[in-house]
Amino acid sequence: MNESKKDNIIGTLLLVTGVIVGVATTLLIKENKPMNAGKVLEQLLIDFKDNNTVIGSWIDYDPIPYEQFQSQPLVYIGEISTKEMDKVTTYRFASDIYTGEIIDLTEI
């Protein structure tokens, strides 16, 4: 094999490796980026409005470690108040900041 072909093969391998590393890095960064707290609350409101009349809600935009779990994941804390048959019920929630998943929901 002549020198030019070796250089082309090496160049192609480096290019492919660079593309693979770039894509993997982009996916890793995107996966570990916290969700916007407002978007988390917006999705939760949509879920609640299917069965209830929501009359109030709030979410803390500053994530905190959730000490109820040993792993202490970072969460957003908030509340939603609903009206069910002339009774106001308030729920406190903890939502994972990366997935938006509600990991704890308690009636208060």
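Below is a short write-up of the structure. These numbers come from a predicted model, not from an experiment. (Residues numbered from 1 in each chain as written. Predicted model: local features only at pLDDT ≥ 70, side-chain atom pairs only at ≥ 80, totals over all residues. Heavy atoms only, no water.)

### Some remarks on the pattern of salt bridges
At step 1: The tally for this structure, following the rule as stated, stands at one salt bridge.
At step 2: A salt bridge links Arg92 to Glu79, with the shortest nitrogen-to-oxygen separation between them at 2.3 Å. Here Arg92 is found in strand 4 (residues 87-96), whereas its partner Glu79 is found in strand 3 (residues 74-84), with 13 residues between them in sequence.
At step 3: The exposure class of Arg92 is partly exposed, given its relative accessible area of 39%. (Salt bridge = Lys/Arg side-chain N within 4 Å of Asp/Glu carboxyl O. Helix = DSSP H or I, 4+ residues; strand = E, 2+ residues; numbered from the N terminus. Buried < 20%, exposed > 50% of the residue type's maximum accessible area, 1.4 Å probe, protein only.)

### What about the pairing of strand 3?
Each regular strand shows side chains that alternate between the opposite faces of the sheet.
At step 1: With eight of eleven residues buried, strand 3 is to be regarded as a mostly interior element.
At step 2: Taken together, the six bridges between strand 1 (residues 53-59) and strand 3 define a ladder with antiparallel strand orientation. Considered in strand 3, the bridge of Thr53 is made with Lys83.
At step 3: Strand direction decides the pairing type here: strand 2 (residues 64-65) and strand 3, joined by two bridges, are antiparallel. What sits directly across from Ile64, in strand 3, is Val75. (Pairing = 2+ DSSP bridges.)

### A word on helix 2 (residues 37-49)
At step 1: For helix 2, built from 13 residues, the straight-helix expectation of 18 Å at 1.5 Å per residue is met to within 8% by its first-to-last C-alpha distance of 18 Å.
At step 2: Of all the positions in helix 2, only Ala37, Gly38, Val40, Leu41, Leu44, Leu45 and Phe48 are classed as buried. Seen from one end, helix 2 has its buried residues packed into an arc of 155°, which puts them on one side.
At step 3: Residues of helix 2 that are buried make contact with strand 1, strand 3, strand 4 and strand 5 (102-107).
At step 4: Looking at where helix 2 begins, the residue whose side-chain oxygen comes 2.6 Å from the main-chain nitrogen of Gly38 is Asn36. (Expected span 1.5 Å × (residues − 1). Arc of directions from axis to C-beta. Contact = heavy atoms within 4.5 Å. Polar contact = N/O pair within 3.5 Å; in protein donor to acceptor, adjacent residues only side chain to side chain.)

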